[in-house]
Each structure stands twice: as structure tokens, then as C-alpha cells.
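Below, each chain spelled out in residue letters.
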Amino acid sequence: MVLSDRSIREELAAGRIVIDPHDLRDVQPASVDLHLDRKLLVFRNSRLPYIDLRQPLPDLMETQEIPEDAAFILHPGEFVLASTLERIALPHDIVARLEGKSSLGRIGLLIHSTAGYVDPGWNGHLTLELSNVARLPITLYYGMRIGQISFLRLTTVVDRPYGSKELGSRYQGQTDPTASRAHIDFDQRRAR
């Protein structure tokens, strides 16, 4: 079941759900608003002829920061990785869903392509997959409300939470936007 605002506040107060920093004014009826952090990973399409999922891609993206007093301009069709200002940590019996803000979706800003699911045991800042599907550029500002997270209680505690050694969790503890580590699947197959 989805946690209500009352249950979210109780879980935050008990320290079972961690949102750091958090402001209780960001708690909505069944979610919590999250904010955009400063660092972005921007694609540099001219550096590689294509994306090979079997290879690490250290030269494909470069870090940029949103200035304190200016906007980052996300042009139509552009895709960048960003992260939440907040660190999120979940207990072993709660899963979370990351969703965009309706006000941003109505102007063509999508905050995730597929990475809207946050596993029990997660601890770190969430990487956002920002896409502009509008025909006009969109301004992004450090600290702006960028999405919302809702929480669902599981039927039982999970046997293997995210971050467990046997799962090989790739993004546990991330503090900045983190590029794809899809190549690890191929590395593991080759090592067998």
C-alpha cells in the first residue's frame, strides 16, 4: 500500500525513511517533493560514433554544474543526467517510486526514462534522466522542485536488499549523477 502523508512523516521521524535534507513542507498527500542538485552529466555526441553497451563510456559524458544565479538550458531533444539534492535511504520493507512533477511534465520535461523504481535498501542520491520533449528550450535551476517520491510498504522484509553483495548493486551510495554501468553485464558474462 502507498504511504500517506501521515505515514511518511512517521517513517521520517523514526529514521526508517531518510530524506536528507528534508523539509516537512515538501510532504504532499502521498509523496515528497525532491529538488534538483547542481551537477549534470551532459552527452558529448561528437566524441564517439555510437554507444557500445559492452564498453565503459568514460568519454561520452562530461560534468557541468548549474550556477547559483543562472539556469542550465535544456534544449529540445536533449538528454542529460542529473541527481536529486536529497539523499534517500530506504528500509528493507519499503520500495519507492520516483515520478515527475505535473507542472514540469506539462511543459515537456521528463525526469526519468525507466529509472523510476527505488529498491528496498537503497541509499544514495537518485540519478535523474532529464529529457526535453518540448519544442522550446527549458530552464533548469539548482534547487528547483524536480520530482516526487512515493513509498509503498512490502508484504515482508526483502531477503536481499539493494546493496547486498550477491546482487552486485551498481549504484548504491552514489552522490552525483552516475552514467550507465550496463557494460558490467557483459564483463560478468565474459568472466564466466
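Scroll up to find the structure.
Residues numbered from 1 in each chain as written. Predicted model: local features only at pLDDT ≥ 70, side-chain atom pairs only at ≥ 80, totals over all residues. Heavy atoms only, no water.

J.: Even after reading the chapter, I still don't get the overall build of the chain, so can you show me in this structure?
T.: Within the chain one finds three helices and twelve strands. By the compact-globule yardstick of 16 Å for 192 residues, the chain fits well, its C-alpha radius of gyration being 17 Å. Principal-axis analysis of the C-alpha atoms gives the chain an extent of 50 × 50 × 25 Å. Here the chain, with 192 residues, has 39% of them falling under the buried criterion. When the accessible surface of the chain is totalled, it reaches about 10800 Å², and 51% of it is carbon and sulfur. Between the centroid of the 23 positive side chains of the chain and the centroid of its 25 negative side chains there is a distance of 4 Å. (Helix = DSSP H or I, 4+ residues; strand = E, 2+ residues; numbered from the N terminus. Rg over C-alpha atoms; globule rule 2.2 N^0.38 Å. Buried < 20%, exposed > 50% of the residue type's maximum accessible area, 1.4 Å probe, protein only. Areas by Shrake-Rupley, 256 points an atom, 1.4 Å probe, with all protein chains shown as cover. Lys, Arg positive; Asp, Glu negative; His and termini not counted. Charge placed at Lys NZ, Arg CZ, Asp CG, Glu CD.)

J.: Can you help me understand helix α1 (residues 5–14) in this one?
T.: Because each turn of an α-helix spans 3.6 residues, side chains separated by three or four positions end up pointing in the same direction. Turning to α1, its buried residues are Ile 8, Glu 11 and Leu 12. Looking down the long axis of α1, one finds its buried residues gathered within 100° of arc, a one-sided arrangement. Seen from the open side of α1, the exposed residues pointing more than 90 degrees away from its buried face are Arg 6, Ala 13 and Ala 14. Looking at the buried side of α1, the elements it contacts are β1 (18–20), β2 (32–35), β7 (94–100) and β12 (145–153). Backbone geometry just downstream of α1 places Gly 15 in the positive-phi region, at approximately 80°. (Arc of directions from axis to C-beta. Contact = heavy atoms within 4.5 Å.)

J.: For this particular structure, what's the right way to read the pairing of strand β6 (residues 79–89)?
T.: One face of the sheet, then the other: side chains in a regular strand alternate in exactly this way. Taken across its eleven residues, β6 has eight buried, putting it largely inside the fold. Across three bridges, the pairing between β1 and β6 is antiparallel. Looking at β6, one finds that Val 18 is bridged to Ala 89. Strand direction decides the pairing type here: β6 and strand β10 (residues 123–132), joined by eight bridges, are antiparallel. Bridging across to β10, Val 80 finds its partner in Leu 130. (Pairing = 2+ DSSP bridges.)

J.: Help me out: how do you make sense of the side chain of Thr 127 in this one?
T.: Positionally, Thr 127 belongs in strand β10. Among the polar contacts made by the side chain of Thr 127, one reaches the side chain of Gln 174 at a distance of 2.9 Å. At 3.2 Å, the side chain of Thr 127 forms a polar contact with the backbone nitrogen of Thr 178. Among residues more than four places away in sequence, those in contact with Thr 127 are Leu 81, Ala 82, Ser 83, Gln 174, Asp 176, Pro 177 and Thr 178. (Polar contact = N/O pair within 3.5 Å; in protein donor to acceptor, adjacent residues only side chain to side chain.)

J.: Would you take a moment to explain unusual backbone geometry for this structure?
T.: Cis geometry is adopted by the peptide bond preceding Pro 21, which originates at Asp 20 and carries an omega value of 0°. Tracing the backbone through its elements, the reader meets Pro 21 in the loop between β1 and β2.

J.: Is there a simple way to explain the pattern of salt bridges in this structure?
T.: Should the charged atoms of two oppositely charged side chains come close, the side chains can pair. One pass over the structure, following the stated rule, counts 13 salt bridges. Where Arg 145 meets Asp 26, a salt bridge forms, and the shortest distance between an N and an O atom there is 3.5 Å. Here Arg 145, found in strand β12, pairs with Asp 26, found in the loop between β1 and β2; they are 119 residues apart in sequence, far enough to count as distant. Taking the relative accessible area as the measure of exposure, Arg 145 reaches 40% and is therefore partly exposed. Since its relative accessible area comes to 8%, Asp 26 is described here as buried. Salt bridges linked by common partners bring Glu 11, Arg 16, Asp 93 and Arg 153 together as one network. (Salt bridge = Lys/Arg side-chain N within 4 Å of Asp/Glu carboxyl O.)

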